[in-house]
Amino acid sequence: MTYNIALVKGDGIGPEIVDSAVRVLETIGARYGHSFKFKEWLAGGCAIDATGTPLPEETVEGCLTSDSVLLGAVGGPKWDGLPGNLRPEKALLGLRSAMGLYTNLRPAKLYLALKEECPLRSDIVAQGFDLMMVRELTGGIYFGERGRREGKYGPEAYDTETYSVLEIERIARAAFETARKRRRNVISIDKANVLETSRLWRETVHRVAEDYPDVTLSDMLVDNAAMQLVRRPSQFDVVLTSNMFGDILSDEASQITGSIGLLPSASLGATKRGLYEPIHGSAPDIAGMDRANPIATILSAAMMLRYAFDLSEEADAIESAVDAALNEGLRTADIVGASGIRPLGCREMTDAIITRL
Ligand code: NAD
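Parameters and conventions
Residues numbered from 1 in each chain as written. Predicted model: local features only at pLDDT ≥ 70, side-chain atom pairs only at ≥ 80, totals over all residues. Heavy atoms only, no water. Helix = DSSP H or I, 4+ residues; strand = E, 2+ residues; numbered from the N terminus. Rg over C-alpha atoms; globule rule 2.2 N^0.38 Å. Buried < 20%, exposed > 50% of the residue type's maximum accessible area, 1.4 Å probe, protein only. Contact = heavy atoms within 4.5 Å. Areas by Shrake-Rupley, 256 points an atom, 1.4 Å probe, with all protein chains shown as cover. Lys, Arg positive; Asp, Glu negative; His and termini not counted. Charge placed at Lys NZ, Arg CZ, Asp CG, Glu CD. Phe/Tyr/Trp six-rings, centres within 6.5 Å; stacked < 30°, edge-to-face > 60°. Core = buried A, V, L, I, M, F, W, Y, C linked by side-chain atoms within 4.5 Å. Domains from an automatic or database assignment. Near = heavy atom within 4 Å. Polar contact = N/O pair within 3.5 Å; in protein donor to acceptor, adjacent residues only side chain to side chain. Nonpolar A, V, L, I, M, F, W, Y, C, P; charged D, E, K, R; others polar. Pairing = 2+ DSSP bridges. Salt bridge = Lys/Arg side-chain N within 4 Å of Asp/Glu carboxyl O.

Colleague: Just checking my understanding: could you explain the overall build of the protein for this structure?
Modeller: Per the secondary structure count, the protein includes 12 helices and 12 strands. Here the protein has a C-alpha radius of gyration of 20 Å; the compact-globule value for 357 residues is 21 Å, and the two agree. Taken across its 357 residues, the protein has 53% of its residues classed as buried. Nonlocal contacts in the protein, meaning residues at least 24 apart in sequence, comprise 76% of its contacts between residues at least 6 apart. When the accessible surface of the protein is summed, it comes to about 15500 Å², and 52% of that surface belongs to carbon and sulfur atoms. Distance between charge centres in the protein, computed from 39 positive and 50 negative side chains, equals 2 Å.

Take a look at the structure:
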């Protein structure tokens, strides 16, 4: 089978880490008899330099006609002074919206080999954790009506949160489907003791749950969830959240893993086509120095195989190769800590993962 993958390498370390993931995918293709065809498209700062706009129309077209998109990262100090609509980050929002991506999947897993990097207490670390945030991406307060006006106490500002049943239903289904690929447990996050949108959220999620009797569902208030993530993260499997709650909790979840250089993500819509990218930025401070950790991008490619192409065995093979490299003590500079281990470069770490596939 042939899969057409759009590559959006972006800026900074983007090209290095995407090249690493491509090498891994090519090896997997040869091993399992798939043909991955890659086509590159510009977005972010490099697109501004080449075309004057962060997201050229042909990039959108190229992504929409691909089977899936692998993205590095965009942005950097060179473009920081540009006005908002010309900032490289606009490319990400534009691409997500053009592709209709309303589900964001962000796994946060503790690698026991890297437990020294985890900021939590050792008894909590000993239990390990492996959770998946399923965050609604295109609705809620970030997209609601907003403005400034004259109020009771003078000038004031407001942002409104709106969620429709349709938006809640589709993200809830994404969470239950994801849970079926994992440990079949969903914890839905809301603030139903205060917010009307949360009460509709809870009602709707419970109704959708009736279609998934094999998945356990419970509710958790967002303030409690923020505490539980640092108190007992092992209790979470799939965490279902609205846009803003997920924005905050997914950053908390990534921090407790100890390294952002390891964490992949997927943004999905109604079709199988998705956008797969590491959660970190373009790391301009180490760009072009062969010091980037390629693992987050390689694991993003694994998520692409699992969610876009239903190639679970191949995705497992990549994840196991990463586990093996870390368990054998191989490290890039960002995760070397105080171990005294000689850090591998981006290329060397990629080679090490490929030889363990
Ligand atoms: P960053 O994630 O790029 O870097 C933060 C720190 O982590 C840096 O010290 C960096 O060297 C390190 N780091 C990040 N990824 C690493 C990796 N794979 N291997 C080793 N070290 C890594 O965040 P920042 O410095 O706040 O942002 C830099 C630029 O990236 C900005 O222009 C920002 O807007 C952009 N950004 C883009 C995205 C995206 O494209 N999705 C996300 C976040 C930030």
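Colleague: Can you walk me through the packing of aromatic side chains in this structure?
Modeller: Aromatic rings in a pair are described by how distant their centres are and how their planes are angled relative to each other. All chains considered together, the criterion is met by five aromatic pairs. A centroid spacing of 6.5 Å and a plane angle of 25° characterise the contact between Phe36 and Phe309, whose relative ring orientation is stacked. One end of the pair, Phe36, is in strand S2 (residues 35-40); the other, Phe309, is in the loop between helix H10 (295-307) and helix H11 (312-327), with 273 residues separating them in the sequence. Assigned by exposure class, Phe36 and Phe309 land together as buried. Ring centres of Tyr163 and Trp201 lie 5.5 Å apart, and the angle between their planes is 65°; on these two criteria the pair is classed as edge-to-face. Taken together, the positions of Tyr163 in the loop between strand S7 (154-159) and helix H6 (165-180) and Trp201 in helix H7 (residues 196-209) put the pair 38 residues apart, joining distant regions of the chain. Both residues of the pair, Tyr163 and Trp201, count as buried. Three or more aromatic residues link up through ring pairs in this structure, and these residues are Tyr3, Phe36 and Phe309.

Colleague: What exactly am I supposed to notice about the nonpolar core here?
Modeller: For soluble globular proteins, nonpolar side chains are generally found buried alongside one another. One finds Phe36, Phe176, Tyr276, Leu305 and Phe309 to be the most contacted residues of the largest nonpolar core, which totals 63 residues. Of the residues forming this core, the biggest block, nine residues, is contributed by H10. Built from parts of two domains, this core gets at least three residues from each of domain 1 (1-104 + 261-357) and domain 2 (119-256). Apart from residues no more than four positions distant in its own chain, Leu305 is found in contact with Leu25, Ile28, Phe36, Asp310, Leu311, Glu314, Ala315 and Ile318.

Colleague: Would you explain the environment of Ala179 in this entry?
Modeller: Counting through the fold element by element, Ala179 comes out in helix H6. On the basis of relative accessibility, which here comes to 0%, the residue Ala179 falls in the buried class. Put simply, Ala179 and Tyr212 are 33 residues apart on the chain and 9.8 Å apart in space, counted from C-alpha to C-alpha. Setting aside chain neighbours within four positions, we find Ala179 in contact with Arg184, Asn185, Val186, Val215 and Val238.

Colleague: What am I meant to see in the side chain of Thr332 here?
Modeller: By the secondary structure assignment, Thr332 is in the loop between H11 and helix H12 (346-355). Judged by relative accessible area, which is 0%, Thr332 ranks as buried.

Colleague: Please clarify how the site of the ligand should be interpreted in this entry.
Modeller: In the vicinity of the ligand, 19 residues are found, and the nearest of them are Glu89, Gly281, Ala283, Asp285 and Asn293. One of the side-chain N or O atoms of Glu89 is found 2.5 Å from an oxygen atom in the ligand. Here an oxygen atom of the ligand sits 2.8 Å away from a polar atom, N or O, in the main chain of Ala283. Grouping the amino acids of the shell around the ligand by side-chain chemistry returns nine nonpolar, six polar and four charged.

Colleague: Looking at this model, I keep getting lost on the pairing of strand S12 (residues 274-278). Mind explaining?
Modeller: Note on strand geometry: in a regular strand, side chains alternate between the two faces of the sheet. Counting buried positions over the five residues of S12 gives five, a clear majority of the element. Relative to S12, strand S3 (residues 68-73) is paired through two bridges, and the arrangement is parallel. The residue of S12 that forms the bridge with Leu70 is Tyr276. As paired elements, strand S11 (residues 264-268) and S12 share five bridges and run antiparallel to each other. When the bridges of S12 are listed, Ala266 appears paired with Tyr276.

Colleague: Explain the pattern of salt bridges to me, please; I cannot follow it from the model alone.
Modeller: Any two side chains of opposite charge can pair, so long as their charged atoms come close to each other. This structure, assessed with the given rule, holds 27 salt bridges. In this structure, Lys109 engages Asp323 in a salt bridge whose closest nitrogen and oxygen atoms are separated by 3.7 Å. Residue Lys109 is located in strand S4 (residues 103-109), and its partner Asp323 is located in helix H11; the two are separated by 214 residues in the primary sequence. You can call Lys109 partly exposed: its relative accessible area is 27%.

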